[in-house]
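Residue-level listing of the chains:
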Amino acid sequence: MYKKNSTKSKLIGSLYLTLAASIWGGMFVVVKVVVPSVPPFLLVWSRYLIAIVALTLLGLQQHVHWHVEKKDWHLLISIGVIGQLASIVFQETGTMLANAQIGRSSRRPPRHL
């Protein structure tokens, strides 16, 4: 019986990982298409809003107890602003400004024999 539950857990875990990888990989294409009409900063906040709703629903469904110590709030906010918000805004701004030619120009020129 343990192996059956373990196999089911592995299958569900694999499906979640596949879904996460698909969403992550697909975001670059979506951002490139959407950014000309939606500013990167607004797009970042839209992504975070969707993530907050999804994580809240998942947390409620899993009965997660959310508790953060008062002394940890400044660290949590710093990590969010620097590690998440800034990096995503820079990534989406770069995606908006970049094209295939820029990617090609960063490669070494071919050597002629």
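What counts, and where the lines are drawn
Residues numbered from 1 in each chain as written. Predicted model: local features only at pLDDT ≥ 70, side-chain atom pairs only at ≥ 80, totals over all residues. Heavy atoms only, no water. Helix = DSSP H or I, 4+ residues; strand = E, 2+ residues; numbered from the N terminus. Buried < 20%, exposed > 50% of the residue type's maximum accessible area, 1.4 Å probe, protein only. Contact = heavy atoms within 4.5 Å. Areas by Shrake-Rupley, 256 points an atom, 1.4 Å probe, with all protein chains shown as cover. Expected span 1.5 Å × (residues − 1). Bend = angle between axes of the 7 residues up to and from the residue. Axes fitted to C-alpha atoms, helices over the stretch in contact; angles between N-to-C directions. Parallel < 35°, antiparallel > 145°, perpendicular 65-115°, else oblique. Left-handed = near helix turned anticlockwise from the far one by under 90°. pLDDT = per-residue confidence, 0-100. 1 Å grid on protein atoms, 1.4 Å probe; cavity = no way out; pocket = protein on both sides within 12 Å on 5 of 7 lines; lining within 4 Å. Points joined across faces, edges and corners; volume = space filled by probe spheres on them. Nonpolar A, V, L, I, M, F, W, Y, C, P; charged D, E, K, R; others polar.

S.K.: Is there a simple way to explain the overall build of the protein chain in this structure?
M.R.: If you tally the helices and strands in the protein chain, you get 4 helices and 0 strands. The linear arrangement of helices and strands in the protein chain, starting from the amino end, is α-α-α-α. Relative to its 113 residues, the protein chain shows a buried fraction of 10%. For the protein chain, long-range pairs separated by at least 24 residues make up 78% of all intrachain contacts whose partners lie at least 6 apart in sequence. Accessible area for the protein chain stands at about 10,100 Å²; split by element, carbon and sulfur atoms hold 72% of it.

S.K.: For this particular structure, what's the right way to read helix α3 (residues 73-97)?
M.R.: Within an α-helix, residues lying three or four positions from one another point in the same direction, as the helix has 3.6 residues per turn. With 25 residues, α3 extends 34 Å from end C-alpha to end C-alpha; this agrees with the ideal 36 Å at 1.5 Å per step. The largest bend along α3 reaches roughly 25° and is located at V81. Of all the positions in α3, only L85, I88, V89, E92 and T95 are classed as buried.

S.K.: Explanation requested: the packing of helix α2 (residues 40-62) against α3 in the structure shown.
M.R.: In a packed pair of helices, the relevant descriptors are the angle between the two axes and the axis-to-axis distance. Relative to each other, α2 and α3 sit at 130°, their axes nearing to 9 Å. If you check the angle between α2 and α3, you find them oblique. Between α2 and α3 lies a crossing whose hand is right-handed. For the pair formed by α2 and α3, the contact residues are P40, F41, L43, V44, W45, R47 and Y48 on the first element and Q84, L85, I88, V89, Q91, E92, T93 and M96 on the second.

S.K.: Explain the confidence of the model for the protein chain to me, please; I cannot follow it from the model alone.
M.R.: Where the model shows low pLDDT, its predicted coordinates should not be examined in detail. This prediction gives the protein chain a mean pLDDT of 80; 83% of its residues lie at or above 70. The secondary structure element of the protein chain with the lowest average pLDDT is helix α4 (residues 100-105), at 56, and the one with the highest is α2, at 86.

S.K.: Sorry, what's going on with α2 here?
M.R.: Counted at 1.5 Å a residue, the expected span for α2 with its 23 residues is 33 Å, and the 32 Å between its end C-alpha atoms agrees. Listing the buried residues of α2 in full gives P40, L43, V44 and G59. H63, located one to two residues past α2, shows a positive phi value of around 60°.

S.K.: I would appreciate a short explanation of unusual backbone geometry in the present structure.
M.R.: Glycine aside, the phi torsion of most residues is negative, and most peptide linkages are trans. A positive phi is found at H63, a non-glycine position, where the angle reads about 60°. Relative to the helices and strands, H63 resides in the loop between α2 and α3.

S.K.: Looking at this model, I keep getting lost on the layout of surface pockets. Mind explaining?
M.R.: Considered as a void within the structure, the largest pocket measures approximately 1,300 Å³ in volume. Every residue lining the largest pocket is counted, 29 residues in all, and those nearest its centre are R47, Y48, A51, I52 and L55. Of all the secondary structure elements, the ones that give two or more residues to the lining of the largest pocket are α1 (2-34), α2 and α3. In terms of residue count, α2 provides more of the lining of the largest pocket than any other element does, 12 residues in total. Its residues assigned to classes, the lining of the largest pocket shows 23 nonpolar, 5 polar and 1 charged.

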